[in-house]
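Breakdown of the fold
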Amino acid sequence: MRIAVYLPLLLSVLVPFGARPLSERCDPRLATWLLTACALILGTATTISLGLLAITGLTGVPLLAALGHWSARTAQINDPAEPPVALLAGLLLGGALFTAGRMLWRRARSLASAFWDAACMPTHDGLVIVEDETPDAYALPGLPGRVVVSTGMLRTLDTSEHDILLAHERAHLAAHHYAFVALAGLGAAANPLLRPLATAVTYTVERWADEQAVRATGDRRRVARAVGKAALAAHGSLSPLRPATLGFRGFLGRRNPLAGAGPVPRRVAALLAPPLARRPGLVLATTAVLGLTVLSTVAATQDLHAFLELVGIAHHGPHHAGMDGPDHTAVLTTVKRG
């Protein structure tokens, strides 16, 4: 436990450096899956690690040890985490649970509101046109979802580009991109170090929808031109149509962490270039990181279980638990080395 419990924390520092390269060098659909999995699994694993460290510190508190039928003295001697580390872990755990819980509650309310709004919108083929001079377009999740477009956006694009706009927004709905954004955001809420992963997901879902628009129209250059025109028209405008709390929009979300000039030129450049490959090397590296994260978390949890057994045996006495002296020593050695 002295090593395994810290591995997810270390990986959460290193992995975000690979978020942008992965988002730009790998097929956007695959990149979205990998980045979302990294954010969610690392966010969960680091939260568990903080909990494990905090629990080992609690076993050394006499009052809590008595409630848990543990030996506080044995816990203090063999605690794999120093008291300051356990205290810090406990504080960070409280913050992680609070921010993740608040984010989950807000996102659930936003999605419920979006589903209700979508159900109440009159539509033809899932398209809702709203009289508004502000150029705006977004996908509204629901059963079924809706594509909401303002008349200002329709006037900005020519007739051929309308098909690109609709293909892009319908791709968001068909692939449930809001779920990827929400899950990646949840991982980042639990561990702020993972925010670059969540930011990358907001970019890759747009790239994924861009590529779906290319498949629907067969013209990468025309899609690139439509993306640029829609982004320039929407940039800086303020629309009452925007479901801001969803953290998910169509071509360009002003609430999106990537909003601004940066992501749009990257998307246009990607559309003007050949389609990206799947990059097996990146997939294997990401899978290895996730596997190491899961294995280290499982190992640390098992070590904590052995540690709690040890302090419980010490509280009752080895013979009370049916364990003789040598076996007790073996368990102690195992926990200390783990």
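What counts and what doesn't
Residues numbered from 1 in each chain as written. Predicted model: local features only at pLDDT ≥ 70, side-chain atom pairs only at ≥ 80, totals over all residues. Heavy atoms only, no water. Salt bridge = Lys/Arg side-chain N within 4 Å of Asp/Glu carboxyl O. Helix = DSSP H or I, 4+ residues; strand = E, 2+ residues; numbered from the N terminus. Buried < 20%, exposed > 50% of the residue type's maximum accessible area, 1.4 Å probe, protein only. Contact = heavy atoms within 4.5 Å. Core = buried A, V, L, I, M, F, W, Y, C linked by side-chain atoms within 4.5 Å. Pairing = 2+ DSSP bridges. Axes fitted to C-alpha atoms, helices over the stretch in contact; angles between N-to-C directions. UniProt positions renumbered as here; feature names shortened; annotations may be inferred. Patch = residues over 30% accessible without salt bridge, like charges linked within 9 Å, V, L, I, M, F, W, Y side chains within 5 Å. Areas by Shrake-Rupley, 256 points an atom, 1.4 Å probe, with all protein chains shown as cover. Expected span 1.5 Å × (residues − 1).

- Per an unreviewed UniProt entry, the protein chain is named M56 family metallopeptidase, and its organism is Streptomyces sp. R35.

1. Some points on the pattern of salt bridges
- Taken as a whole, this structure holds 10 salt bridges when the rule is applied.
- Two residues, arginine 266 and glutamate 24, come together in a salt bridge whose shortest N-O distance is 2.8 Å. Placement of the pair is arginine 266 in helix α12 (residues 263–272) and glutamate 24 in helix α2 (residues 19–25), with a sequence separation of 242 residues.
- Here glutamate 24 falls in the partly exposed class, since its relative accessible area comes to 32%.
- A salt bridge links lysine 229 to glutamate 161; the shortest N-O distance between them is 2.9 Å. Of this pair, lysine 229 sits in helix α11 (residues 220–234) while glutamate 161 is found in helix α8 (residues 159–174), placing the two residues 68 residues apart along the sequence.

2. Describing the environment of valine 205
- In this structure, valine 205 sits in helix α10 (residues 195–217).
- Classification of valine 205 as buried rests on a relative accessible area of 1%.
- Between the alpha carbons of valine 205 and histidine 177 there is a distance of 6.2 Å; along the sequence they are 28 residues apart.
- Those residues in contact with valine 205 that sit more than four places away from it in its chain are Thr32, His172, His177, Phe180 and Val181.

3. Some thoughts on the nonpolar core
- Leu35, Leu197 and Val201 are the most contacted members of the largest nonpolar core, which has 25 residues in total.
- Of all elements in the fold, only α2, α3 (28–58), α9 (177–190) and α10 reach the threshold of two or more residues within this core.
- By residue number, the principal contributor to this core is α3, which donates 7 residues.
- If you look at the next biggest cluster of nonpolar residues, it comprises 12 residues, including Ala167, Ala213, Ala226 and Val227.

4. Description of the sheet that holds strand β3 (residues 146–150)
- Spatially, the 3 strands line up as an open sheet ordered β1-β3-β2, and their pairing is mixed. Whereas interior strands pair on both sides, the edge strands pair on one side only; in this sheet they are β1 (127–130) and β2 (137–140). Between one strand axis and the next, the sheet turns through 20 degrees on average, direction left out of account.
- Pairing between β2 and β3: 4 bridges, direction antiparallel.

5. Let's talk about the UniProt feature "transmembrane region" (unreviewed entry) in the protein chain
- Listed under "transmembrane region" (unreviewed entry) in the UniProt record, and renumbered for this structure, are residues 31–64 and 85–105.
- With 100% helix and 0% strand, residues 85–105 has its two end C-alpha atoms placed 30 Å apart.

6. So, the pairing of β3
- The buried fraction of β3 is high, at 5 of 5 residues.
- Going residue by residue along β3, you find Arg146, Val148 and Ser150 tucked away on one face and Val147 and Val149 tucked away on the opposite face as well.
- Both β1 and β3 contribute to a ladder of 4 bridges, which runs parallel. Within the sheet, the bridge partner assigned to leucine 127 lies in β3 and is valine 147.
- Joining the antiparallel neighbours β2 and β3 is a turn of 5 residues.

7. Section: a nonpolar patch on the surface
- Nonpolar side chains collect at one region of the surface, where Leu10, Val13, Leu14, Phe17 and Leu193 lie side by side and expose about 510 Å² of accessible area between them.
- Residue position: phenylalanine 17 is located in the loop between α1 (7–14) and α2.
- The exposure class of phenylalanine 17 is exposed, given its relative accessible area of 66%.

8. Things to note about unusual backbone geometry
- Note the cis peptide between leucine 143 and proline 144, where omega equals -5 degrees.
- Among the secondary structure elements, proline 144 is positioned in the loop between β2 and β3.
- Residues other than glycine seldom take positive phi values, yet histidine 176 does so here, at roughly 55 degrees.
- Here histidine 176 shows up in the loop between α8 and α9.
- With a relative accessible area of 42%, histidine 176 lands in the partly exposed category.

9. Brief notes about helix α6 (residues 83–120)
- For α6, spanning 38 residues, the distance from its first C-alpha to its last is 55 Å, which sits close to the expected 56 Å at 1.5 Å a residue.
- The complete set of buried residues in α6 reads Ala86, Ala89, Leu93, Ala96, Ala100, Met103, Arg107, Ser110, Leu111, Ala114 and Ala118.

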